[in-house]
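# What the coordinates show
Spelled out from the first residue to the last, the chains are:
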Amino acid sequence: MRVIAGAARSIQLVAPRDRGTRPVSDKVKETLFGILAGRVLDARVLDLYAGSGALGIEALSRGALHATFVDHGRDALAAIRTNLQRTRLEEAASVHGHDVIRYLDAPADGPFDLVLIDPPYADEALLAPLERLERHLAPGATVVVKHFWRTPVPEVASLQRWRDRRFGETGLTFLERVEDV
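Residues numbered from 1 in each chain as written. Predicted model: local features only at pLDDT ≥ 70, side-chain atom pairs only at ≥ 80, totals over all residues. Heavy atoms only, no water.

### Notes on the packing of aromatic side chains
To keep things clear, this is the line we draw: In this scheme Phe, Tyr and Trp rings, the latter by its six-membered ring, pair at centre separations within 6.5 Å, and the angle between planes marks the pair as stacked below 30 degrees, edge-to-face above 60, and tilted otherwise. Only DSSP runs of H or I reaching four residues or more are called helices, and only runs of E reaching two or more are called strands; each is numbered from the N terminus. Placement of a positive charge over a ring is assigned whenever Lys NZ or Arg CZ falls within 6 Å of the ring centre and within 35 degrees of the normal to the ring plane.
Summed over the entire model, instances satisfying the criterion amount to two aromatic pairs. Plain terms: the ring middles of tryptophan 162 and phenylalanine 174 are 5.3 Å apart, the flat faces sit at 55 degrees to each other, and that makes the pair tilted. Taken as a pair, tryptophan 162 in strand S6 (residues 159-167) and phenylalanine 174 in strand S7 (residues 170-177) lie far apart in primary sequence, 12 residues in all. For arginine 39, the ring lying beneath its charged end belongs to tryptophan 162, and the centroid distance is 4.2 Å. The ring of tryptophan 149 has arginine 166 lying over it, and the distance from NZ or CZ to the ring centre is 3.5 Å.

### Regarding the nonpolar core
Nonpolar side chains tend toward joint burial in soluble globular proteins. Applicable threshold: Residues grouped as a nonpolar core are buried Ala, Val, Leu, Ile, Met, Phe, Trp, Tyr and Cys residues, joined through side-chain atoms within 4.5 Å. Each residue is assigned to one of three classes by its accessible area relative to the maximum for its type, calculated with a 1.4 Å probe on protein chains only: buried under 20%, partly exposed between the two thresholds, exposed over 50%. Residue contacts follow a heavy-atom distance rule, with two residues in contact if any of their heavy atoms lie within 4.5 Å.
Counting 31 residues, the largest nonpolar core has Leu32, Leu36, Val45, Leu60, Phe69, Leu84 and Val144 as the members making the most contacts within it. Elements that contribute at least two residues to this core include exactly helix H1 (26-36), helix H2 (54-61), strand S2 (66-70), helix H3 (74-87), strand S4 (112-117) and S7. Not counting the four nearest positions on each side in its chain, leucine 36 is found in contact with Leu114, Thr142, Val144 and Phe174. Val115, Leu130, Ala141 and Val143 belong to the second largest nonpolar core, which has 21 residues in total.

### Remarks on the pattern of salt bridges
Definition in use: Note on definitions: salt bridges are taken to be side-chain nitrogens of Lys or Arg within 4 Å of carboxyl oxygens of Asp or Glu.
As enumerated under the stated definition, the model contains nine salt bridges in all. Note that arginine 39 is salt-bridged to glutamate 176, the shortest N-O span being 3.5 Å. Taken as a pair, arginine 39 in the loop between H1 and strand S1 (44-48) and glutamate 176 in strand S7 lie far apart in primary sequence, 137 residues in all. Looking at arginine 39, the relative accessible area reads 31%, which means it is partly exposed. Of the residues examined, glutamate 176 reaches a relative accessible area of 27% and is grouped as partly exposed. In this structure, arginine 161 engages glutamate 155 in a salt bridge whose closest nitrogen and oxygen atoms are separated by 3.7 Å. For arginine 161, a relative accessible area of 31% gives the class partly exposed. Connected via shared salt-bridge partners are Lys29, Glu58 and Arg62.

Coordinates in, geometry out; function isn't part of it.
Structural data, given as structure tokens:
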């Protein structure tokens, strides 16, 4: 696992030791950030269920202004901190060791321009975090959900789907915040 592009290009990342984390493949990362293109530069990023932090770190490497990482796993938090140090991006990041729902229910660091959600595939409860995101989003914010391709991403009134991609068992769903729906 490595950073694909930008300031930290080619730096190797560590993964959490627990078996519940699925590292994102280079192909998925390349496609994800190719689709996002100009939405990353100067963005404030929220990486939920961050795991190794690979997605938020990729965004920082590509010019995001700041990234907030949220995960409750001890191994995941250690991996995120190690990866931020390796990439020398720790000053542009904050790391929160909380359950995602608890984090979203509390006042946050937002508003965020880009949210990356990568919950465990066994956790089909996507509705709760999506519903709680609205107050944390900047106008026109982009939300990307990485999920098991057979797990439907629920409809939320404030988020409009604009693209879907599939890579084997991995699905990417791209949503955009819409006003006054």
